[in-house]
Amino acid sequence: MKLYSTNNKGNIVSLEEAVLNAFPKDRGLYMPTDISKLSENFFEHIKEYSFIDIAFQVASNFIGDSISNSELELVIEESLNFEAPLVNLNENFNVLELFHGPTLAFKDFGARFMASLIGVFMNKLDQEQTILVATSGDTGGAVASGFYNVSGVNVVILFPKGKVSFLQQQQLTTLGKNISAIEIDGTFDDCQRIVKDAFLDKDLNEKYNFSSANSINIARLIPQSFYYFESYKQLDTDKKIVYSVPSGNLGNLTAGLFAKRMGLGIDKFIASTNSNHVFHDYIQTGLYKASPSVQTISNAMDVGDPSNFYRILDLYSSTWNTIKDSIDSITATDIETKNAIQRIYTNYNYIADPHTAVAYIGLERVMDKDKEVGVFLSTAHPSKFIDVMEDCLNMQIEIPDRLDRLKNLDGVFNSLTKKFEDFKEFMLSK
Ligand SMILES: *Cc1c(COP(=O)(O)O)cnc(C)c1O
């Protein structure tokens, strides 16, 4: 597998380089030089394949001979050790549950695959790697869990002060060992900016080998395409198929677009956004204008300048018309989201977290029920947002053990301002 930078197509690197050094110096994002279609034979037999088989075939199609087949099998078996069930609600609505991993969010797919792949590369290299990651809620926990105890790798997580839920914060701050967390007095976008600046800072790069675990890292996107195939396999319909993706940094949506490029028969995507709707505005008007993020109850989507936007542009040669043919969009306020949580419960007896509810609204508003069948992606377990859920539904939400046991642990973290210089000084003095 070879990759180029979206800012300079002549800048071609190996998978190892793109994964370990996720951020090209030209500030672009790495894209695969070739996303080839899977064989007809694969699609004819897809129903006979297990999730692991599908993942292996899709991953090989991306990765080629960058690592050996046995290494790839190991990476997939280690990282995909949980299910992604498709739950049918009625003749039009299906929900794809992506939250059955160790941290109860879909970020486990990307983070675990990436951790395991980096493990393969680190086995062959004699160096320490530092993974820097900004989180708006769920990434940090998934990355922390994925890399916990991986030798040769230290993880530094930046999270915005007071803007992640209590249990999310506990997931980042209670592991210890090779995982450390820093609270930034600012927004997610501030955290993301600090990470980007760190990659370009000469002094820091003399001391550290940095990698990023944000969805700018291509290793996060590859596994996120697997479950589009796996869920498609389970749909039995002659109608057109629409996927609604609750979107923040647009990594999940980009992975879906990769799947479509590989030949998967998804007719349309819906980018479902909360009040951070710069991508929705782009789809509707053709104009892109980054803006500061605002806080919502679907906090993992509070992103004002989604990094994968530039991958989507690249995938469609920057033509708004063709992008808009493949992607529709919606934006939902917190009140609309809460109403949707209640509606989903009343109509289907199903408990959807706020992110999932935003995706549901996308299908409700955009899907043509006569001609289309919809899948909305459920990206987090409702217990991760217990206050909002209990408030909305007036009932007790069950917390799975692996989350509940974090309640009483003491979290450990450092606190810094949103100035890059402070972060730099901290890292240099460590
Ligand atoms: C990260 C996240 C999203 C947004 O996914 P992107 O790939 O950043 O668009 C949606 N829901 C949940 C629960 C998340 O953690």
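For clarity, every value in this text was computed on a predicted model and none was experimentally measured.

Regarding the overall build of the protein
Then, in step 1: From N to C terminus, the protein includes 20 helices and 14 strands.
Then, in step 2: Projecting the C-alpha coordinates of the protein onto the three principal axes gives extents of approximately 60 × 50 × 40 Å.
Then, in step 3: Contacts in the protein between residues far apart in sequence, at least 24 positions, make up 75% of those at least 6 positions apart.
Then, in step 4: Element-wise, carbon and sulfur atoms account for 45% of the exposed surface of the protein, whose accessible area totals about 16700 Å².
Then, in step 5: Between the centroid of the 39 positive side chains of the protein and the centroid of its 55 negative side chains there is a distance of 4 Å.

Focus: the environment of Pro 102
Then, in step 1: The residue Pro 102 is located in the loop between β5 (93-97) and α5 (107-124) in this model.
Then, in step 2: Distance from Pro 102 to Arg 112, taken between C-alpha atoms, is 9.7 Å for residues 10 residues apart in sequence.
Then, in step 3: Ignoring anything within four residues of it in the chain, the contact list for Pro 102 reads Phe 82, Asp 108, Arg 112, Ser 145 and Arg 402.

Some points on the environment of Thr 135
Then, in step 1: With respect to the element layout, Thr 135 can be found in the loop between β6 (129-134) and α6 (138-147).
Then, in step 2: Thr 135 gets classed as buried once you look at its relative accessible area, which sits at 0%.
Then, in step 3: As a C-alpha pair, Thr 135 and Asn 21 span 114 residues in sequence and 19 Å in three-dimensional space.
Then, in step 4: Contact partners of Thr 135, with chain neighbours within four places excluded, come to Gly 140, Ile 157, Leu 158, Phe 159, Pro 160, Leu 172 and Phe 188.
Then, in step 5: Here the side chain of Thr 135 touches Gly 140 through a polar contact of 3.0 Å, landing on its backbone nitrogen.

Rules behind the numbers
Residues numbered from 1 in each chain as written. Predicted model: local features only at pLDDT ≥ 70, side-chain atom pairs only at ≥ 80, totals over all residues. Heavy atoms only, no water. Helix = DSSP H or I, 4+ residues; strand = E, 2+ residues; numbered from the N terminus. Contact = heavy atoms within 4.5 Å. Areas by Shrake-Rupley, 256 points an atom, 1.4 Å probe, with all protein chains shown as cover. Lys, Arg positive; Asp, Glu negative; His and termini not counted. Charge placed at Lys NZ, Arg CZ, Asp CG, Glu CD. Buried < 20%, exposed > 50% of the residue type's maximum accessible area, 1.4 Å probe, protein only. Polar contact = N/O pair within 3.5 Å; in protein donor to acceptor, adjacent residues only side chain to side chain.

In short, geometric facts, not functional conclusions.
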